Amino acid sequence: MSDTMYAALLRGINVGGKKKVPMAELRELLEGLGHGDVRTYVQSGNAVFSAPAERGTEALARQLEQAIETRFGFPVACLVVDGASLRAVVEACPFPAGELEGRQLHVTFLSEQPDPSRFARIDAGAFLPEEFRIGNRVLYLYAPDGLGRSKLAEALYKPAVLKGIDATTRNWNTVVKLVEMTQDQV
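Residues numbered from 1 in each chain as written. Predicted model: local features only at pLDDT ≥ 70, side-chain atom pairs only at ≥ 80, totals over all residues. Heavy atoms only, no water.

Side note on the packing of helix H1 (residues 23–32) against helix H2 (residues 57–72)
Think of two packed helices as two axes; the pair is described by the angle between the axes and how far apart they sit.
Thinking step 1. For the pair H1 and H2, the least separation of the axes is 11 Å and the interaxial angle reads 125°. By the angle between their directions, the pair H1 and H2 is classed as oblique. Relative to H2, H1 is oriented so that their crossing is right-handed. Contact residues: H1 offers Glu25, Leu26, Glu28, Leu29 and Leu30, while H2 offers Leu64, Ala67, Ile68, Arg71 and Phe72.
Thinking step 2. Tallied by class, the residues present in the contact of H1 with H2 amount to seven nonpolar, no polar and three charged. (Axes fitted to C-alpha atoms, helices over the stretch in contact; angles between N-to-C directions. Helix = DSSP H or I, 4+ residues; strand = E, 2+ residues; numbered from the N terminus. Parallel < 35°, antiparallel > 145°, perpendicular 65-115°, else oblique. Left-handed = near helix turned anticlockwise from the far one by under 90°. Contact = heavy atoms within 4.5 Å. Nonpolar A, V, L, I, M, F, W, Y, C, P; charged D, E, K, R; others polar.)

Observations regarding H2
Thinking step 1. For H2, which comprises 16 residues, the first-to-last C-alpha distance of 22 Å matches the rise-based estimate of 22 Å (1.5 Å per residue) to within 8%.
Thinking step 2. By the burial criterion, the buried members of H2 are Leu60, Ala61, Leu64, Glu65, Ala67, Ile68 and Phe72.
Thinking step 3. Positive backbone phi, at 85°, marks glycine 73, one or two positions downstream of H2. (Expected span 1.5 Å × (residues − 1). Buried < 20%, exposed > 50% of the residue type's maximum accessible area, 1.4 Å probe, protein only.)

Quick notes on the packing of aromatic side chains
Thinking step 1. Using the criterion set out here, one finds four aromatic pairs in the structure.
Thinking step 2. Ring geometry for phenylalanine 95 against tyrosine 142: centres 6.0 Å apart, planes inclined by 35°, an arrangement best described as tilted. Placement of the pair is phenylalanine 95 in the loop between helix H3 (83–91) and strand E5 (105–110) and tyrosine 142 in strand E7 (residues 138–142), with a sequence separation of 47 residues.
Thinking step 3. A centroid spacing of 5.6 Å and a plane angle of 45° characterise the contact between phenylalanine 119 and phenylalanine 132, whose relative ring orientation is tilted. In this pair, phenylalanine 119 sits in the loop between E5 and strand E6 (131–134) while phenylalanine 132 sits in strand E6, placing the two residues 13 residues apart along the sequence. (Phe/Tyr/Trp six-rings, centres within 6.5 Å; stacked < 30°, edge-to-face > 60°.)

Some details on the sheet that holds strand E2 (residues 36–41)
Thinking step 1. Pairing within the open sheet is antiparallel, and its four strands lie in the order E2-E3-E1-E4. On the outer flanks of this sheet lie E2 and strand E4 (78–82), each paired with one strand and no other. When strand polarity is set aside, the average angle formed by the axes of neighbouring strands in this sheet is 25°.
Thinking step 2. In the packing of H3 onto the sheet, contacts are made with strand E1 (3–10) and E4, and the angle to E4 comes to roughly 85°. (Pairing = 2+ DSSP bridges.)

Remarks on unusual backbone geometry
Thinking step 1. In this chain, leucine 128 is followed by proline 129 through a cis amide linkage whose omega measures 10°.
Thinking step 2. In this fold, proline 129 is placed in the loop between E5 and E6.
Thinking step 3. One non-glycine residue, aspartate 37, lies in positive phi territory at about 50°.
Thinking step 4. Residue position: aspartate 37 is located in strand E2.
Thinking step 5. The class for aspartate 37 is partly exposed, based on a relative accessible area of 33%.
Thinking step 6. Phi at arginine 137 is positive, roughly 60°, even though this residue is not glycine.
Thinking step 7. The residue arginine 137 is located in the loop between E6 and E7 in this model.

What to know about the sheet that holds E5
Thinking step 1. With antiparallel pairing, four strands are arranged side by side in an open sheet as E6-E7-E5-E8. Whereas interior strands pair on both sides, the edge strands pair on one side only; in this sheet they are E6 and strand E8 (167–171). Sheet twist, expressed as the mean angle between neighbouring strand axes with direction ignored, is 20°.
Thinking step 2. Relative to E8, E5 is paired through five bridges, and the arrangement is antiparallel. From the neighbouring strand, histidine 106 faces E8, where its bridge partner is asparagine 171.
Thinking step 3. Along the sheet, helix H6 (residues 172–183) contacts E5, E7 and E8; its crossing angle with E8, the most-contacted strand, is approximately 90°.

Now the structure itself:
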C-alpha cells in the first residue's frame, strides 16, 4: 500500500513564548518517527508528512503527542488530517472563501464530530455579522474583523461547548496552503 500525505496540526505551541517547539526540531522528530516528505508551515504548529495509510490518523496523532511530550517535556494536543480530508474541508466551506480575506475565515479542526446540541445556547443572531457553521469534524467561522476581535469565537471555544474535544484553529490561508502541501507529494 502506498503512503498518504497528512497534515499534523499542533494546538497551542509557540504562542506568547510558551510551549516552544522549533519547527526544525518538529521536522526532525517526525522524520525520527519514520515519516517521509516532512515539511513545516509557519511557526504555529503545522507540519505535513507521508506515512502508510493503514496507520490511521488517530494512531499517528497519539504517536506524535507522545514523542513531543518525551522530547519537549510538555503535552501538546495534535490532530492529524489526511490530504483528501483537508481538500474536502475546503470544498465544503459554506462561506464564499474566494470573496473573503484569509484572516476573516477560520476553520477549527475537531478531534470528533460534535453534537449540534452543544451549540444550542449560542444565540447566533447576537453575533452578526459573524457566523459559524458545523462541518465534518470542523467548525467554519466567518469573523470579518479577524479572530482576535471575534466575540463569536469566544462563545464557540468556551470549555462548556467543546468539553472533551481537542480543537485547533487555522485561518483560511493556512488551510489552503496545507491542502497544497499535502497534494504535491507522494
